[in-house]
Amino acid sequence: MSSNAITIPGAQMQSRPWVDELHQWLTTVDHKRLGILYILSALLFLVIGGVEALVIRIQLMRSHNDFVAPEVFNRMFTMHGTTMIFFVAMPVLFGFANYLVPLMIGARDMAFPRLNAFSFWLSFLGGLLLYFSVLGGSGLYGAGNAPDVGWWAYAPLGARAFSPGHSSDYWTLALLVSGFGSIGTAINIIATVLCMRCPGMKLSRMPLLVWLNLVMAGMVLIAITPLSAAQMMLLIDRYLGGHFFDTQAGGSAVLWMHFFWIFGHPEVYILIIPSFAFMSEIIPVFSRKPIFGYPVMVGATVCIAFVSMSVWAHHMFTIGMNSYANSFFTITTMAVGVPTGIKIFNWIGTMWGGRIQFKTPMLFSIAFLFQFLIAGLTGIIQSSAPVDWQLSLSYFVVAHFHYVIVGGILFALFGAFYYWYPKMTGRMLSERLGKWHFWLFLIGFHLTFDVMHIPGILGMPRRIYTYEPGRGWDTLNLIISIGAFIQAIAILVFVANLIISCFKGAKAGNDPWDAWTLEWSTSSPPPAYNFATVPTVASRRPLWDLKHPEDPDSRYE
Amino acid sequence: MLRMTSSTLRCLAQTTLLLFWSAIAVWASEPKGSSSHGTNIFAPASTPAKSIADLSVFVLVITGIIFVVVFALLVYSVVKFRGRATDAGREPAQVYGSTQIELAWTIIPILIVVVLFLATARVIHAVQDAPEPAGAVQVTAIGHQYWWEFRYPKLGIVTANELHIPVSDPSRPTPTFIQLLSADTDHSFWVPELAGKTDLIPNHPNRMWMDPQRTGVFLGQCAQYCGTQHAKMLLRVSVDGPEEFASWVRAQQKPAEAGAIAGRRVFETNACMNCHSVAGTPANGRFGPDLTHLMSRVTIAAGAAKNTEDNLRLWIQDPSAIKPGSLMPAMKLSDADLDAVVSYMETLR
Amino acid sequence: MAGLIIAESSIFTIFVVAYLFYLGKSLTGPTPREVLETPIFYTICLLSSSLTIHFAAKCLARGIGFAFLGFWLLTIALGGLFLYGTAQEWHRLIYEHGLTISTNLFGTTYYSLVGLHAFHVTAGLIMLLTVAVLGLCGRVGVKQSGRIEVLSMYWHFVDAVWVVVFTVVYVLGR
């Protein structure tokens, strides 16, 4: 292997001074290393966010518990939400996109490698800034440290009057900074996909992962910026005496809500679409069939991207919009369920008639399908505005969105980890530990989030540090908390797997899964230049064509 | 063999989950009967809550059917098309798609969406655009950090945290229409068995209504995160029969009885008046709850503690012992003054 | 650059929405009608700078370095003039009419929107100046014309935003 090869420290026998190695990593502009950096930073914040979740669950284990003070609890749920969305989910998905997109289109790197590095470090800095609030948020004066305004920072709670000190400013700045990083990455992905595909790779021959990340990047450009704009306005209010959200001066708290959710709703699609991408790559390979309905999958995703820009106020059904607005957002939200459902059907269609192999990536994918189906359906339930008048702001919503994010996105991510870890490190993850991880996490997940729907139906609102006994919420909350701990153990198993396999995992070779996209044609891990010669493709599954010259895809496309 | 076990295990796991969840849902949906009602959205006692509950069941049934169908397809495909050891090396038929199937599973969901939407739109209009009849009781609710101010403009009543409204006879309805305002941040009025929640947003008046058809006490709490003690901004809605309601109104309309002079003097000279009102005395602060008829309430501090003498004493001495983060400062009164003030409070019936 | 422009347009859209939403909602203080004077001259300056930068890019592509530099410096001058005009207007608004960002809703939304735009003009001018310095040192030739095109796209975007801001603030807003 050339000395330019990408390695994880320790996986190769080279004796290079560790300072040099560290310097290489810190100054890298290589998309593969940046991808890994994104993923590692996301894992770090995942553990921190997970601890915050455990604190929340311990406090809520029984009514009138006093494990933490109300102020601390309020900081916990604010930080948990903010960390998980902005410093776990977005970076890890950007990391995978960074790693895989150039490889899958036969390119040597992203279009703007230095912008890529800049975007990563902005994102990481944002995370550090958020956590610096624990020290710097007027901590010495005791006026509050970590932000405690919820991850939406609804006006006027975020205003100077209700949020003295600097904790809300750290929230605002951290997201502003990492938001700019996200925009940089999105620009990079779009430019790379549009300009750097290898010969023969028309848009209609790109792997679905590339298509979906392209759509996601487009959405990032339009959806993240409203949040940035709103945060600039918040800073103007807090420091320059502005009145954007100052209700005493005629400003509107509802305007913040609109701006936030115009970002917030597309944001969750920005998170789920790359997860769909992973599923669209993994399920075909482990069913041994091509994806069912490739053009429809692309079309449905583009459809979702557009429609999702018009549904935001379903987060605001209770704020008192008129009946026409409520009806409008009901129908758009229900409408976005149609292309989403189509995708589920297409994945099942891919498995249908196949020869399914139940390796760990596929286990996570099947669980994804089951859970995403349920998550989508509880979404449809809440899309009906009157039903949402009861369920909104309750634990039903919390259950729903965790079902999507953990049951959907995180499960898809686990699948992606098990699938592409061999490519990134050259070693297979342990199947045995993988199955332990899967089953433990599945049990913990369902124990927590299935049950969590019920307190919502029984009237338990969200963001409360404690609750009254006698409302029927006690036992349910205990079960939920137990599930959380089981999930925590599963995560530990996963992290152990990641680390142990790095040193002891079986050697992977180029193509351990007998897959069909271009990344499997290089070595594992790929050399710095990705491909010794620029590949030429004639179909959507170039490696299938190579392995089955008697029946190539190019004959059917 | 491992693969087969895996997939069968999966199916068993998924089916168990399904049954478990259904059982819990059924158990949870039984209304808890007592004069103090619960907070179950499927135990509605008022028209808006009932319309929502009925619509919810309809939506649940439809989504339930969708779930069963797709779940069955998923389980079938996982079991039927699992790879066997004998398959090694052979690939199945490479199918790329099917236009008819795609059309089918596009059109059917669209039809389902249309049905769900029509059912929903009807309820939206029925609840939101309901006209206010002449006999309606009017309440203005103002959200504060962390308590509820209730004013009955036409009846001249000001109270806090515990709402009294008349029961409504469906043949001659006497609903209560509540105007929702806020003095500081966003709040949300949620009493699940009486109505869906509506937010209280500063500079953005809202309106909701309810026509409870059963008497009793209905519980709820603030549902929009409003700060440190959001969790203890509880609601008690007492639905009274017509005579009970009338006598409550009469009692609330009276100013405070004169009495407990020593305590009243402590109250009026220690900055209590800056925040609190007692009708018929110079105290007319509006930052905190009106105390004119404090003893007519079952709880204090928006439900954070029962309204007993000990709790009252503790609250006045140090609110953060009961509700840390509450905006009432610890008054730091001497024991004698504290006793006097508590005695005064006890006269405010 | 197209990607960046899309993202920036989105940010400006939100500020424009806020401006339009709050028209007429100020509780106190000067209203747009009372204090705003339409900056026709400075608008013409900025819009013609789009023309000059276009010519500059064209000249560079054809290799006429001298003309390129001339048009380029003209662009900078016109942009600078525009900024001067904005500064002058703000000075008048603050000291003669007492309108600041914290006066009322109009003040907040006006200074934010026009200020955001002026910030982008400033950033653009800095980039243009950098190129000017490089150009004066003889480092900008035909080979750089691609990058100059990209930069001029940004400048056109800034001008297009001004058209929108101008319409919203000085035409619709009064």
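Remember, it's a predicted structure, so these values are computed and weren't measured experimentally.

Criteria and thresholds
Residues numbered from 1 in each chain as written. Chains lettered and ligands numbered in written order. Predicted model: local features only at pLDDT ≥ 70, side-chain atom pairs only at ≥ 80, totals over all residues. Heavy atoms only, no water. Contact = heavy atoms within 4.5 Å. Buried area = accessible area lost by both parts, 1.4 Å probe. Polar contact = N/O pair within 3.5 Å; in protein donor to acceptor, adjacent residues only side chain to side chain. Helix = DSSP H or I, 4+ residues; strand = E, 2+ residues; numbered from the N terminus. Salt bridge = Lys/Arg side-chain N within 4 Å of Asp/Glu carboxyl O. Nonpolar A, V, L, I, M, F, W, Y, C, P; charged D, E, K, R; others polar. Pairing = 2+ DSSP bridges. Axes fitted to C-alpha atoms, helices over the stretch in contact; angles between N-to-C directions.

> For this particular structure, what's the right way to read the interface of chain A and chain C?
Contact with chain A, which involves 22 residues of that partner, is made by 22 residues of chain C. Both faces considered, chain A and chain C share a buried interface measuring about 1,900 Å² in area, 80% of it formed by carbon and sulfur atoms. Among the residues chain A hides against chain C, the three largest losses belong to A:L221, A:H243 and A:F244. Together they make up 25% of the total. Taken together, the connections running from chain A to chain C amount to six residue pairs in polar contact (both at pLDDT 80 or more). Secondary-structure elements contributing two or more residues to the side of chain A that touches chain C are helix 5 (167-195), helix 6 (208-239) and helix 7 (253-287) of chain A.

> What exactly am I supposed to notice about unusual backbone geometry here?
Apart from glycine, the bulk of residues carry a negative phi angle, and the bulk of peptide bonds sit in the trans form. Look at the link from A:A155 to A:P156: it is a cis peptide, with omega at -10 degrees. Note that A:P156 resides in the loop between helix 4 (113-136) and helix 5. Here B:Q145 and B:Y146 are connected by a cis peptide whose omega angle stands at 10 degrees. Its location among the elements puts B:Y146 in the loop between strand 1 (137-144) and strand 2 (147-152). With a phi angle near 60 degrees, A:L393 is a residue other than glycine that sits in the positive phi range.

> Hey, could you run me through the interface of chain A and chain B in this one?
Many descriptions give the size of an interface as the accessible area lost when the pieces come together. On the side of chain B, 97 residues touch chain A, which itself brings 105 residues to the contact. Linking chain A with chain B are one salt bridge. Across the chain A-chain B interface, the total number found is 33 residue pairs in polar contact (both at pLDDT 80 or more). Within the residue set of the side of chain A that touches chain B, elements represented by two or more residues are helix 3 (70-104), helix 7, helix 8 (294-307), helix 9 (323-351), helix 10 (360-383), helix 11 (385-391), helix 13 (431-451) and helix 14 (453-457) of chain A. Element by element, the count of residues in the side of chain A that touches chain B is highest for helix 9 of chain A, at 15 residues. Counted by class, the side of chain A that touches chain B contains 63 nonpolar, 27 polar and 15 charged residues.

> Can you help me understand the sheet that holds strand 4 (residues 162-166) of chain B in this one?
Strands in a sheet are paired, the pairing made by backbone hydrogen bonds, and the direction either parallel or antiparallel. Residues and elements named next belong to chain B. The strand order across the open sheet formed by five strands is 4-10-9-6-7, and the pairing between neighbours is mixed. Among the strands making up the open sheet, the edge pair consists of strand 4 and strand 7 (198-200). Recorded for the sheet is a direction-independent mean angle of 25 degrees between the axes of neighbouring strands. For strand 6 (residues 187-190) and strand 7, the ladder comprises three bridges, and the chain directions are antiparallel.

> Hey, could you run me through the sheet that holds strand 3 (residues 157-160) of chain B in this one?
Residue and element names in this part refer to chain B. A sheet is described by the order of its strands in space; here five strands give the open sequence 3-2-1-5-8, paired in mixed fashion. Whereas interior strands pair on both sides, the edge strands pair on one side only; in this sheet they are strand 3 and strand 8 (206-210). Within this sheet the neighbouring strands show an average axis-to-axis angle of 25 degrees, counted without direction. Pairing analysis gives four bridges linking strand 2 to strand 3, with the strands arranged antiparallel. The partner of F150 across the bridge, within strand 3, is T159. The strands touched by helix 4 (residues 242-253) within the sheet are strand 1, strand 2 and strand 3, with strand 3 carrying the most contacts at an inclination of about 95 degrees.

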